[in-house]
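Each chain, letter by letter, is given below.
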Amino acid sequence: CLPANQERFANGKVVTVQFHPSAQVVMTAGHDRSVSLFQVKNFSHLKPNPRIQSIYLDSFPIYKACFSVDGEQVIATGTHHKMFFVYDMMSGSIIPIQKVRGVDERFLRQFELSPDGSLMLVTGTSGYLHLLSMKTKELISTMKVNGRSTASAFTPDSSKIYSYSKEGEVFIWDVRSRKCLHKFEDEGSLEGKCIAVSKNNQYVACGSASGVVNLYTTDVCLKEDHPKPVKAIMNLVTSATCVTFNPTTEILAVASREADEAVRLV
């Protein structure tokens, strides 16, 4: 196949590639301050995927962009901004969210959306995690981990959040009460980098700066302080910066952005 974004290559680093939750559309976004949507329909090697549209966010290099769960919005955070943008695909309007009251952060970059579509979790500095309403984009509550939070993941039913700290600890939060249910140490981790929960809620994968990805069963994570991984995946030699499960929990992708072609499917 031709590159998905053949019709409009980015002028800078691409930071996000995501399929639309229900339409045959792929989004790319990145440091060239643009979000582009392409229709995915051509599987012949001759025809490129038509570009539907591109939106430009003036002086706003994008750190991360993500479709909302209903597929009607795109949320985009910047590399050095405390504001973020919401692109409403139904109306075609770009809505700047200038400041979230109660969130006192220099930059808003890393975020996760809950699978039920109701919440947005923003990773702050100094271990703060800010829970926002997707409907109003207002602050609901703030939680805090010891040390610095580097990555978080919702469970598939949106009831819990796994938050991975720079110090290699994983905190499990109850979304409704915002209380910490349990915390455990990721075996051998000197610095936590990325975390994922499988769609069937069976596994948790933790990727660290050493390149090791530990795979745990969720029931062990909720009980033990020093759980044993079911498997330690040692295939990456540079820092593991991305872990994700496929929808049927049969494949785990592990990747490092610090080396070319450092992607492994397990």
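Calculation rules
- Residues numbered from 1 in each chain as written.
- Predicted model: local features only at pLDDT ≥ 70, side-chain atom pairs only at ≥ 80, totals over all residues.
- Heavy atoms only, no water.
- UniProt positions renumbered as here; feature names shortened; annotations may be inferred.
- Helix = DSSP H or I, 4+ residues; strand = E, 2+ residues; numbered from the N terminus.
- Rg over C-alpha atoms; globule rule 2.2 N^0.38 Å.
- Buried < 20%, exposed > 50% of the residue type's maximum accessible area, 1.4 Å probe, protein only.
- Contact = heavy atoms within 4.5 Å.
- Areas by Shrake-Rupley, 256 points an atom, 1.4 Å probe, with all protein chains shown as cover.
- Phe/Tyr/Trp six-rings, centres within 6.5 Å; stacked < 30°, edge-to-face > 60°.
- Lys NZ or Arg CZ within 6 Å of the ring centre and 35° of its normal.
- Pairing = 2+ DSSP bridges.
- Axes fitted to C-alpha atoms, helices over the stretch in contact; angles between N-to-C directions.
- Core = buried A, V, L, I, M, F, W, Y, C linked by side-chain atoms within 4.5 Å.

By the naming in an unreviewed UniProt entry, the protein chain is U3 small nucleolar RNA-associated protein 18 homolog, taken from Galbula dea. Entered under Sequence similarities (unreviewed entry) in the UniProt record, the comment concerning the protein chain runs "Belongs to the WD repeat UTP18 family." Per its UniProt entry, the protein chain bears the Subcellular location (unreviewed entry) comment "Nucleus, Nucleolus".

A. Broad picture of the overall build of the protein chain. When helices and strands are tallied, the protein chain shows 1 helix and 23 strands. For the protein chain, the C-alpha radius of gyration of 18 Å lies close to 18 Å, the compact-globule estimate for 266 residues. Dimensions of the protein chain along its principal axes, counting C-alpha atoms only, are 50 × 45 × 30 Å. Evaluated residue by residue, the protein chain yields a buried proportion of 48% over its 266 residues. The contacts of the protein chain with a sequence gap of at least 6 include a subset with a gap of at least 24, amounting to 41%. If you sum the accessible surface of the protein chain, you get close to 13400 Å²; carbon and sulfur atoms cover 51% of it.

B. Representation of the packing of aromatic side chains in the model. Summed over the entire model, instances satisfying the criterion amount to 2 aromatic pairs. Look at Phe-184 and Tyr-216: their rings are 5.5 Å apart centre to centre, the planes differ by 65°, and that puts the pair in the edge-to-face class. Of the two residues, Phe-184 sits in strand β16 (residues 180–185) while Tyr-216 sits in strand β19 (residues 213–217), which places them 32 residues apart along the sequence. Note on accessibility: Phe-184 and Tyr-216 belong to one class, buried. The ring of Tyr-128 carries Lys-144 above its face, with NZ or CZ at 5.4 Å from the centroid.

C. The UniProt feature "repeat: WD" (unreviewed entry) in the protein chain, seen in detail. Under the UniProt annotation, the feature "repeat: WD" (unreviewed entry) is placed at residues 153–183. A helix fraction of 0% and a strand fraction of 58% characterise residues 153–183, whose end C-alpha atoms lie 14 Å from each other.

D. Quick look at the sheet that holds strand β1 (residues 14–19). Judged by pairing direction, the sheet is antiparallel, and its 4 strands sit side by side in the order β1-β2-β3-β4 without closing on themselves. Each end of this open sheet is capped by a strand with a single partner; those strands are β1 and β4 (51–56). For this sheet the average axis-to-axis angle between neighbouring strands, irrespective of direction, equals 15°. Relative to strand β2 (residues 25–30), β1 runs antiparallel, the two being bridged by 5 bridges. By the bridge assignment, Thr-16 is partnered in β2 with Ala-29.

E. How the structure looks around the pairing of strand β7 (residues 84–88). Here β7 lies mainly inside the structure; 5 of its 5 residues are buried. Judged by which residues are buried, β7 turns out to be covered on both faces: Phe-84, Val-86 and Asp-88 on one side and Phe-85 and Tyr-87 on the other are all buried. Judged from the 5 bridges that link them, strand β6 (residues 73–78) and β7 form a sheet pairing that is antiparallel. Counted as the bridge partner of Val-74 is Tyr-87 from β7. Between β6 and β7, which pair antiparallel in sequence order, lie 5 residues.

F. Spotlight on the nonpolar core. Grouped together as the largest cluster of nonpolar side chains are 16 residues, with contacts concentrated most on Met-27, Val-35, Leu-57, Ile-62, Ala-65 and Val-74. Counting only elements with at least two residues in this core, the list comes to β2, β3 (34–39), β5 (62–67), β6 and β7. In this structure Ala-65 touches Thr-16, Gln-18, Met-27, Ala-29, Val-74, Ile-75, Ala-76 and Phe-111, once residues within four positions along its chain are discounted. Among the nonpolar cores identified, the runner-up in size contains 14 residues, and Val-86, Ile-97, Leu-108 and Met-134 belong to it.

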